[in-house]
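# Structural characterization, general
The chain contents come next:
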Amino acid sequence: MSTSIPGTNENPQTTSPNTIGNGASKPSKGGLEGIVAATTALSKVEGTAGRLIYRGYNIHDLATTTSFEEVAHLLWFGHLPSKAELADLKAKLAAERTLPTGVLKVISDLPTTAEPMDVLRTAASAWGASTIKGKPTIEQAIALTAHFPVFLAAFHRLRNGQEPLESRSELGHAANYLYLLSGKQPEQQHVKALDAYLVLLADHGMNASTFTARVVASTESDIVSATVAAVGALKGPLHGGAPSKVLDMLLEIGTTENAENWLRNALSMGQRLMGFGHRVYKTEDPRAEELRALARLADPQEFVLARRVEELALALLEEQKPGRRLNTNVEFYSAVLLSSVGLPGDLFTPTFAVSRAVGWTAHILEQVGNNRLIRPEADYIGLTDEHFVPLDAR
Ligand code: ACO
């Protein structure tokens with residue numbers, strides 16, 4: 001049963017003992033599990049059914065049939081675009097794919113060993129400081145989203161001793177990102193795979209980074225501050241930071257023969273298997289199903305190992321963590337797919353951010369459209385009646 005955080009724009013639906021807020025008891029499991037933090041018309045995550053909906057559309061109907069730009073339009077404007085609307089949005093995104101000199105300088109001054117998520121956070125912040133003023137708008141959301149791949153590709157090229165490239169306005173979001181990274185005309189198969197990935201990751205209910213963005217937006221801060229905070233939240237391995245660790249795991253395992261020993265050993269040491277488990281999904285994550293099919297097509301050879309590791313991991317998790325219902329999450333096959341289109345592991349999480357920029361900004365706009373400061377409470381468990389001793393007497 002869900003309850004609401006007082007101080008959000010949510011209408012309380014229940015009076016469960018899980019309620020947090022004025023004088024009420026704390027949530028039973030911690031981590032705000034089961035607490036409703038907002039109302040949203042953007043996406044619905046059905047954890048038991050394993051269903052994900054963007055504004056009424058099942059993700060399975062969108063995954064390989066729509067482009068990232070169509071889904072961005074759906075989330076920002078509330079409906080799938082007509083051809084004219086899509087062309088308009090594509091033109092707006094293309095016009096914003098620039099690398100201002102000041103931001104290039106900031107990126108160039110960072111060490112080449114910096115983590116790309118830190119670079120993205122820093123570059124977005126620097127860009128916003130000189131560009132963004134006032135209340136969040138859709139135009140700002142488009143501009144911010146358009147810049148993410150530009151910042152990342154510029155850093156990637158600089159760290160490899162190459163000059164950043166100019167965006168190509170005739171390319172879509174996925175194709176231009178691949179072009180900016182490699183300087184080569186991207187393969188159509190790679191563009192399709194990355195585009196589908198970007199569609200699948202664009203929004204996902206009240207996940208940790210989206211909640212972060214909404215909290216910042218609820219203070220009437222700006223869209224860049226809210227999005228940069230979300231980038232910080234996404235970075236951790238319990239959220240968007242998992243896929244490069246999935247790749248590390250697959251590389252370490254190396255062969256299907258080695259998989260069971262490796263996984264048993266990791267579990268016996270108390271390690272979490274990256275790419276498995278989810279706070280909301282208690283069955284397979286529907287994005288994992290789509291990504292599995294895409295990964296199989298994108299790299300049939302790598303897929304064999306990944307599939308074997310997945311099967312064994314699921315069996316071992318069931319054996320060693322019975323009843324926890326730990327299934328494959330979005331990150332497992334994201335790693336296989338992103339690797340197959342040529343991305344290095346440390347760009348996996350930033351590429352998640354390239355997609356989720358749409359969801360974050362859509363949530364920020366939704367929050368400011370019906371805002372109330374998000375301000376929950378904490379159950380104080382410390383001392384209350386200490387006798388104060390002045391510094392000289394301590
Ligand atoms: N491997 C091994 N054990 C696990 C895993 C895992 N991947 N996930 C959960 N568990 C176990 C925990 O150890 C715990 O066991 P216990 O009851 O014996 O202590 C139990 O399952 C419940 O774990 P919680 O941490 O309470 O589950 P929660 O819902 O908070 O966590 C999370 C969800 C963080 C995603 C978790 O499953 C995890 O750490 N997975 C691995 C990291 C990962 O894949 N992250 C990407 C998530 S998808 C996304 O955010 C985009």
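Before going into details, it helps to say that this report is about the structure given with it. Source: prediction; values computed, not measured. (Residues numbered from 1 in each chain as written. Predicted model: local features only at pLDDT ≥ 70, side-chain atom pairs only at ≥ 80, totals over all residues. Heavy atoms only, no water.)

### Considerations on the overall build of the chain
In terms of regular secondary structure, the chain is built from 16 helices and five strands. Computed over C-alpha atoms, the radius of gyration of the chain comes to 22 Å, within 12% of the 21 Å expected from 2.2 N^0.38 for 394 residues, which places it in the range of a compact globule. Its C-alpha atoms give the chain principal-axis dimensions of about 70 × 55 × 55 Å. When the 394 residues of the chain are sorted by exposure, 50% land in the buried category. Taking as baseline every contact in the chain between residues at least 6 positions apart, the subset at least 24 positions apart corresponds to 73%. Averaging the coordinates of the 37 positive side-chain charges in the chain and doing the same for the 43 negative ones gives two points 2 Å apart. (Helix = DSSP H or I, 4+ residues; strand = E, 2+ residues; numbered from the N terminus. Rg over C-alpha atoms; globule rule 2.2 N^0.38 Å. Buried < 20%, exposed > 50% of the residue type's maximum accessible area, 1.4 Å probe, protein only. Contact = heavy atoms within 4.5 Å. Lys, Arg positive; Asp, Glu negative; His and termini not counted. Charge placed at Lys NZ, Arg CZ, Asp CG, Glu CD.)

### Notes on the site of the ligand
In the region of the ligand, 21 residues are neighbours, and R272, L273, G275, F276 and R324 sit closest. At 2.9 Å, a side-chain N or O of N329 approaches an oxygen atom of the ligand. Here the ligand, which alone exposes 920 Å², has 76% of that area covered by the protein. Of the residues belonging to the shell around the ligand, the class tally is eleven nonpolar, five polar and five charged. Taken together, domain 1 (57–239 + 346–369) and domain 2 (243–340) each give at least three residues to the shell around the ligand, which thus spans both. (Near = heavy atom within 4 Å. Polar contact = N/O pair within 3.5 Å; in protein donor to acceptor, adjacent residues only side chain to side chain. Areas by Shrake-Rupley, 256 points an atom, 1.4 Å probe, with all protein chains shown as cover. Nonpolar A, V, L, I, M, F, W, Y, C, P; charged D, E, K, R; others polar. Domains from an automatic or database assignment.)

### Focus on the packing of aromatic side chains
Within the structure shown, the criterion is met by three aromatic pairs. A centroid spacing of 5.1 Å and a plane angle of 45° characterise the contact between F276 and F332, whose relative ring orientation is tilted. One end of the pair, F276, is in the loop between α12 (256–268) and α13 (286–298); the other, F332, is in helix α15 (residues 330–340), with 56 residues separating them in the sequence. The residues F276 and F332 share a single accessibility class, namely buried. Where F332 meets Y333, the ring centres are 4.9 Å apart and the plane angle is 90°; that geometry is what we call edge-to-face. Note on F332: relative accessible area 0%, which makes it buried. One aromatic cluster in this structure is built from F276, F303, F332 and Y333. (Phe/Tyr/Trp six-rings, centres within 6.5 Å; stacked < 30°, edge-to-face > 60°.)

### Considerations on the packing of helix α6 (residues 138–159) against helix α16 (residues 348–369)
Two elements in contact, α6 and α16, have axes separated by 9 Å at closest approach and are oriented at 170°. As summarised for this structure, α6 and α16 are arranged roughly antiparallel, according to the angle between their axes. Contacts from I138, A141, L144, T145, F148, P149 and L152 of α6 reach α16 at P350, A353, V354, A357, V358, W360, T361 and L365. Considered class by class, the residues forming the contact of α6 with α16 number 13 nonpolar, two polar and no charged. (Axes fitted to C-alpha atoms, helices over the stretch in contact; angles between N-to-C directions. Parallel < 35°, antiparallel > 145°, perpendicular 65-115°, else oblique.)

### Some details on the nonpolar core
One recurring pattern in soluble globular proteins is that nonpolar side chains are buried together. Counting 111 residues, the largest nonpolar core has F148 and L263 as its most contacted members. At twelve residues, the largest contribution of residues to this core is made by α6. Of the residues that make up this core, three or more belong to each of domain 1 (57–239 + 346–369) and domain 2 (243–340). The contact partners of F148, leaving out residues within four places of it in the chain, are L120, A124, T227, V231, A353, V354, A357 and W360. (Core = buried A, V, L, I, M, F, W, Y, C linked by side-chain atoms within 4.5 Å.)

### Concerning the sheet that holds strand β5 (residues 57–58)
An order of β3-β4-β5 is seen for the three strands of this open sheet, with the pairing classed as antiparallel. Only two strands of the sheet have a single partner each, and these edge strands are β3 (43–46) and β5. (Pairing = 2+ DSSP bridges.)

### A closer look at the packing of helix α5 (residues 116–131) against α6
Running from amino to carboxyl end, α5 crosses α6 at an angle of 130°, the nearest separation of the two axes being 9 Å. Considering their axes alone, α5 and α6 lie oblique with respect to each other. Here the hand of the crossing between α5 and α6 comes out right-handed. Contacts between α5 and α6 involve P116, V119, L120, A123, A124 and W127 from the former and A143, L144, H147, F148, F151, L152, F155 and R159 from the latter. Split into classes, the residues belonging to the contact of α5 with α6 amount to twelve nonpolar, one polar and one charged. (Left-handed = near helix turned anticlockwise from the far one by under 90°.)

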